[in-house]
Amino acid sequence: MAVEQSGNVPFDAHGIEPIPDHGRDSTPWEQFWIWSGANIAPINWVLGALGVTLGLSLVETLVVVALGNLVGCAVFGLCNVMGHRTGVNQMVLGRAPFGRRGAVVPGVVQGLLTMAWVGVNTWVVLDLMLAVLRQLGVEGGPWLKYVVAAVIMIAQLWLALYGFYAIRTFEKYTVPATVLVMAVMTVLALSQAKLDWTAAAATTVPDKVTAVTQLLTAIGVGWGISWVPYSADYSRFVRRGASTRSVFWASALGMYLPTVWLAALGACLASAGGSSDPSAIVIGTFGTMALPVLLLIMHGPVATNILNLYSCSLAALSIGVRLARWKLTLIAGAVATAVLLLLMGADSFAHAFDNWMSSILIWISPWAAIVLVDYFVLRRGRLDVSSLYRGPAVVNWRALLCLGLGVVAAWTWQYGLVPAMRGPLALAMNNTDFSWLSGSVVAGGLYYLLQRVRARSGAASAPAASDHL
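Note that the structure is a prediction, hence the values are computed from the model and not measured.

J.: Looking at this model, I keep getting lost on the pattern of salt bridges. Mind explaining?
T.: A side chain with one charge may pair with a side chain of the opposite charge, provided their charged atoms come close. Within this structure, the stated rule accounts for seven salt bridges. The closest approach of N and O atoms between Glu-30 and Arg-168, which form a salt bridge, is 3.4 Å. Taken as a pair, Glu-30 in helix α1 (residues 28–39) and Arg-168 in helix α8 (residues 164–192) lie far apart in primary sequence, 138 residues in all. The class of Arg-168 is buried, set by a relative accessible area of 11%. Across the salt bridge formed by Lys-208 and Glu-60, the nearest N and O atoms sit 2.9 Å from each other. In this pair, Lys-208 is assigned in helix α9 (residues 205–219) and Glu-60 in helix α3 (residues 58–86), connecting sequence segments 148 residues apart. Judged by relative accessible area, Glu-60 falls into the partly exposed class, the value being 27%. Here the residues in one salt-bridge network are Asp-25, Glu-30, Arg-168 and Lys-172, joined through shared partners.

Structure (C-alpha cells):
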C-alpha cells in the first residue's frame, strides 16, 4: 500500500513506480491550483518589467508575454499529458529515449538544480519579506533574516516530506486566497499608475528584435519550458478517467494565467515609471496591505519549493538511489539549506549564482524536445511502461549525442546574464537570444533523423538475418 492514511491528508509513500489506480485520485482542477501556486511569485513582476527595461513599449511587452507563453505553456501541457497517460514521473519517462542508464545524466542534472533552486527561491524574497516586516513595525536586527528563512524552509520541507497529497491540499486551499490578494494588489497598483502604452526606448528594428528575443527567453516561451522536467511528477496522480484535453488545459492554463498576469502587472508598473524592484513596489504601493502582502510573499517560495523538493527526490530515485522518497527529500532539504546559508552570507556570490541558474534553459529545451519527439512523434503516444523499469540498463548514445549537440546549439545563441553564457551567435546577432529554439530544433530534429535511420536500417537487415537463419 503506497498511500498511508493519517488524518484527512494521506502520506505519500509512492516512489517512481507507476501510480496504481487507487492512488490516482487527483483532478485536473487540482493540477491547475498546483501550477498556479508555483507561479504566483514576485519574480514574475521583475521579469515582466524586463520588457520595458529592454526598450519595448508596454503594448509590445504585453503581446510578447501573452503570445510567447502560449507556446511555452502548450509544451508544458503536453508533458503533463504524458504523466497522466502513463502514471509515471518525468525523469523516468526520459528513459524511453535515453535508455535506463542514459537517463541518469539528465536525472543528476535535474536533482542538483532542484536543490539549488530551493535555496535561490528562498533567498530572493528574504529582503522583500524584511521590508514588509519593517512596514509592520517588526525590527529584529541581522538575525531576523535567518529566523524568517528558517520558518520558510521548515514549512516547505514538511510539506514536501509528506508528499503529493499534502502538496495538492496546500495549493488547493491557499492559492485562491493568494489570487484574491493579488487581485486587490493589481487594482491598487493600476489605480495609482499612469500607464504609457506606446513609449519605447528601442526605436530601431534590430534593437526591438533583440529585446523581443530576450523577453521570450526570460518570461515568454522559455518560462513554460523551464518547468517541463517537473510536469509529469504531478499529473501522474490524476485519475485515469479524466480526459486528456482536461489535463492539458488545466496544467497549461495553471501555468499561463498567473505568469502572464504578474508579468503584465510588472510591465505596467515599469511603464508608469515605477521601480521594478519588488520591495519598492510593495512599500510604495501596498503599504496599507502589508500583512496580506507578507502572507502572499511567504506563500510564493513555499508553493514553488515544495515542488522542487518533491521532484528532487523523484530525480534521485530515477537515477537509482535506493532510499525512501521522504529520506531523499530530507537530504535535499539539508543541501538546499546549506545553499541558502551560503547565499545569505555572500551577497555578490548570491547574485552571480542566481544569474547562472537563469541559464538552465540551455539543457531543458533540448532535453524536452527529445522526450516530446520520442513520445508523440516516433511512438505516437504508445509506450510500454514496463520497459522503463525492466530489462537491460542500456544507454541510447544517439539521444545523448543529440542532447549534447542541442546544449551546444542553445549556448551559441544564448545571451545570458553572465559573460560565459553569452554564445558567439548571440553576440554576432546583436545580442539576440534564441537559445530555447536553437537547442530544441537541433536536439529534436537530429534525434528524429537518427532514430528514423536506425529504424530503417533495422528493417532492412531483418530479412537478411532471417534468410541467414
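So, next bit.
J.: Could you clarify how one ought to interpret α3 in this entry?
T.: For an α-helix the count is 3.6 residues per turn, leaving residues at separations of three or four pointing the same way. Here α3 is 29 residues long and its end C-alpha atoms lie 42 Å apart, about the 42 Å a rise of 1.5 Å per residue gives. Remark: the principal bend of α3, roughly 25°, maps to Asn-69. At the exit of α3 stands Gly-87, carrying a positive phi of roughly 75°.

J.: Just to check I follow, could you spell out the side chain of Asn-89 for this structure?
T.: By the secondary structure assignment, Asn-89 is in the loop between α3 and α4 (90–93). Here Ser-318 takes part through its side chain, which lies 3.2 Å from a polar atom of the side chain of Asn-89. Excluding its chain neighbours within four sequence positions, the residues that come into contact with Asn-89 are Ile-16, Ala-232, Asp-233, Arg-236, Leu-314 and Ser-318.

J.: Would you mind showing me how to read the side chain of Ser-318 here?
T.: Here Ser-318 shows up in helix α14 (residues 290–318). Separated by 2.7 Å, the side chain of Ser-318 and the backbone oxygen of Leu-314 make a polar contact.

J.: Hey, could you run me through the packing of α3 against helix α17 (residues 361–378) in this one?
T.: For any two helices packed against each other, the geometry is given by the interaxial angle and the distance between the axes. As a packed pair, α3 and α17 sit with axes 11 Å apart at the nearest point and diverge in direction by 55°. Taken together, the axes of α3 and α17 lie oblique to each other. Crossing of α3 over α17 shows left-handed handedness. Along the contact surface, α3 presents Val-75, Leu-78, Cys-79, Val-81, Met-82, Arg-85 and Thr-86, while α17 presents Val-371, Leu-372, Tyr-375 and Phe-376. For the contact of α3 with α17, a count of residues per class yields nine nonpolar, one polar and one charged.

J.: How do you make sense of unusual backbone geometry when you look at a structure like this?
T.: Peptide bonds are trans in most cases, and residues, glycine excluded, mostly fall at negative phi. Even without a glycine there, the phi angle at Arg-380 is positive, about 55°. By secondary structure assignment, the location of Arg-380 is in the loop between α17 and α18 (397–412). By relative accessible area, which is 62% here, Arg-380 ends up exposed. One non-glycine residue, Asn-431, lies in the positive phi region at around 65°. When you line up the elements, Asn-431 lands in the loop between α19 (424–428) and α20 (435–468). Judged by its relative accessible area of 24%, Asn-431 is partly exposed.

Conventions and cut-offs
Residues numbered from 1 in each chain as written. Predicted model: local features only at pLDDT ≥ 70, side-chain atom pairs only at ≥ 80, totals over all residues. Heavy atoms only, no water. Salt bridge = Lys/Arg side-chain N within 4 Å of Asp/Glu carboxyl O. Helix = DSSP H or I, 4+ residues; strand = E, 2+ residues; numbered from the N terminus. Buried < 20%, exposed > 50% of the residue type's maximum accessible area, 1.4 Å probe, protein only. Expected span 1.5 Å × (residues − 1). Bend = angle between axes of the 7 residues up to and from the residue. Polar contact = N/O pair within 3.5 Å; in protein donor to acceptor, adjacent residues only side chain to side chain. Contact = heavy atoms within 4.5 Å. Axes fitted to C-alpha atoms, helices over the stretch in contact; angles between N-to-C directions. Parallel < 35°, antiparallel > 145°, perpendicular 65-115°, else oblique. Left-handed = near helix turned anticlockwise from the far one by under 90°. Nonpolar A, V, L, I, M, F, W, Y, C, P; charged D, E, K, R; others polar.

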